[in-house]
Amino acid sequence: MAMIPLNSLVLSGKRVLVRCDFNVPLKSGAIADPARIDASMDTIRYILGQGGCAVLCSHLGRPKERSPELSLRPVAQYLSTMLGLKVALAPDCVGEVTLAKIESLAPGEALLLENLRFHPEEEKNDADFAHELARGKQVYVNDAFGTAHRAHASTVGVVRFVAQRAPGFLMMRELEALRSFTQNPSRPYVAILGGAKVSDKIALLKNLVTKVDTLLIGGAMAYTFLRAQGKPVGNSRVEEDKIAVAGELLAEAARRSVTVALPIDHVVANSPDDEASARVVDEIADGLMGLDIGPRTVAAFIAAVSESRTAIWNGPLGYFERPAFSQGTLKVGEALAGRSETRSLIGGGDTAAALSGKPWSHNFTHVSTGGGATLEYLEGRELPGVKALEV
Ligand code: AMP
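Residues numbered from 1 in each chain as written. Predicted model: local features only at pLDDT ≥ 70, side-chain atom pairs only at ≥ 80, totals over all residues. Heavy atoms only, no water.

Caption draft 1: Inspection of the sheet that holds strand S17 (residues 366-367) at higher detail. Judged by pairing direction, the sheet is parallel, and its six strands sit side by side in the order S11-S10-S9-S15-S16-S17 without closing on themselves. Two strands close off the open sheet at either side, each with one partner strand: strand S11 (259-261) and S17. For strand S9 (residues 189-193) and strand S10 (residues 214-217), the ladder comprises four bridges, and the chain directions are parallel. Residue pairing for S10: Val190 is matched across the bridge by Thr214. Sitting on the sheet, helix H10 (residues 295-307) is in contact with S9, S10 and S11, with an inclination near 150° to S10. (Pairing = 2+ DSSP bridges. Helix = DSSP H or I, 4+ residues; strand = E, 2+ residues; numbered from the N terminus. Contact = heavy atoms within 4.5 Å. Axes fitted to C-alpha atoms, helices over the stretch in contact; angles between N-to-C directions.)

Here it is in structure tokens:
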């Protein structure tokens, strides 16, 4: 099934509803990191440049009801500065007052609708709400890749009430990048997996074990795998009810001749808050907690990465928020970033955060802006927000 490219639509004089991902982190009411807004600027500029009237919408945070601290007002101000034109904030995303504002837009003007999630109907994909959201618009553009795994009114329901639909440029970039990694990857193909929980990554592991040559497993989830192998893990985080499935995944990898590397040494501490007690061990004694991969594991992971042609990464390899437990993630990250021969894909969310802000952070082939959406794509699932754009 195909999607109509945005640049093949006639936008002049049309009212274009643009679903963006403006779910930016806020600190004391100000935007702490505008990266998600910046990522959609070329889509917005293109629509305005074509003489379209851009009606921008997004969710922000997880409000249960209308809450002033989750207003998109700071985003409207940021957009006004970036675009060099006044982007007003409508008082709501639906309703007569907002509709009148939309109808008064001239070609090349933009309006930002207030937080979609002030209405619980948004997440319920309520048909009446979706219909309301579509009122007065002739084109729908979805640039919110980070929300494409959610079937909400603004990502799915709205589509059937608008005459034309297209993906935005960010959505296209993300999908093309992910497709290029998952279809015919150059080999060896390595997956680096970490993060807090095995339970979040089972579907991903089940899919990747059929695709990759090597799985490098770190982070807290590695301890459930080590337990499945009967290794001592002390007080490390283990999901008792996932030990069996971890064992099955290891057996499946062996059947498929997929190499699995688990930590062979560890940075341990008395507790996650006790960085002063951090030290390297080969075996985790009772009472201690594994919080990062150790230097021998780092060397083994780097060796695997250095032979790879394709690498995808989801989940930090340690409790990276604390400097004492961030080295595993950073050293493997630096080695991967330095590999010009390896196409590298960094999943969004925590992984992107853990690997950002370093001199080498820009050297990965693609850093995804989607956390959950990227994860679900790599699990081999269809993203409802993408499916809805097909014609
Ligand atoms: P996830 O969202 O599943 O990718 O998990 C990311 C979180 O896992 C981050 O907050 C990491 O600090 C945390 N994490 C990774 N490794 C460990 C570990 N060994 N012990 C505790 N937390 C960890």
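Caption draft 2: Here's a closer look at the packing of aromatic side chains. The final tally for this structure, using the stated rule, is three aromatic pairs. Measuring from ring centre to ring centre gives 6.2 Å for Trp360 and Phe364, while their planes differ by 90°; the resulting arrangement is edge-to-face. Between Arg343 and the ring centre of Phe181, over which it is positioned, the NZ or CZ distance is 4.4 Å. (Phe/Tyr/Trp six-rings, centres within 6.5 Å; stacked < 30°, edge-to-face > 60°. Lys NZ or Arg CZ within 6 Å of the ring centre and 35° of its normal.)

Caption draft 3: Representation of the pattern of salt bridges. In this structure the tally under the stated criterion is 18 salt bridges. Across the pair Asp42 and Arg173 runs a salt bridge, and its minimum N-O distance is 2.9 Å. Of this pair, Asp42 sits in helix H2 (residues 41-49) while Arg173 sits in helix H6 (residues 169-182), and the two are 131 residues apart along the sequence. Of the residues examined, Asp42 reaches a relative accessible area of 33% and is grouped as partly exposed. In this structure Arg173 comes out as partly exposed when scored by relative accessible area, which is 39%. Here Arg381 makes a salt bridge to Glu376, at a shortest N to O gap of 3.6 Å. Accessibility expressed as a relative area gives 47% for Arg381, which makes it partly exposed. Residues joined in a network through salt bridges with shared partners are Glu96, Glu132 and Arg135. (Salt bridge = Lys/Arg side-chain N within 4 Å of Asp/Glu carboxyl O. Buried < 20%, exposed > 50% of the residue type's maximum accessible area, 1.4 Å probe, protein only.)

Caption draft 4: Looking closely at the packing of helix H8 (residues 221-228) against helix H9 (residues 243-255). The interhelical angle for the contact between H8 and H9, taken along N-to-C directions, is 80°, at an axis separation of 8 Å. Overall, the two elements H8 and H9 adopt an arrangement that is roughly perpendicular. Across the interface between the two elements, Thr224, Phe225, Arg227 and Ala228 of H8 pack against Ile243, Ala246, Gly247, Leu249 and Leu250 of H9. The residue makeup of the contact of H8 with H9, split by class, is six nonpolar, two polar and one charged. (Parallel < 35°, antiparallel > 145°, perpendicular 65-115°, else oblique. Nonpolar A, V, L, I, M, F, W, Y, C, P; charged D, E, K, R; others polar.)

Caption draft 5: Just the site of the ligand, in detail. By nearness alone, 16 residues border the ligand, and Ala196, Ala220, Gly318, Glu321 and Asp350 come closest of all. Contact between the ligand and Glu321: an oxygen atom at 2.5 Å from a side-chain N or O atom of the residue. Separating an oxygen atom of the ligand from a side-chain N or O atom of Asp350 is a distance of 3.1 Å. In isolation the ligand has 500 Å² of accessible area, and contact with the protein removes 84% of it. (Near = heavy atom within 4 Å. Polar contact = N/O pair within 3.5 Å; in protein donor to acceptor, adjacent residues only side chain to side chain. Areas by Shrake-Rupley, 256 points an atom, 1.4 Å probe, with all protein chains shown as cover.)

Caption draft 6: Expanded view of the domain arrangement of the protein chain. As far as domains go, the protein chain holds domain 1 (6-170) and domain 2 (178-378). Taking only C-alpha atoms into account, the centre of domain 1 sits 36 Å from that of domain 2. Counting from both sides, the interface comprises five residues of domain 1 and, opposite them, eight residues of domain 2. Linking domain 1 to domain 2 there are zero residue pairs in polar contact (both at pLDDT 80 or more). The residue inventory of the side of domain 1 that touches domain 2, partitioned by class, reads two nonpolar, two polar and one charged. (Domains from an automatic or database assignment.)

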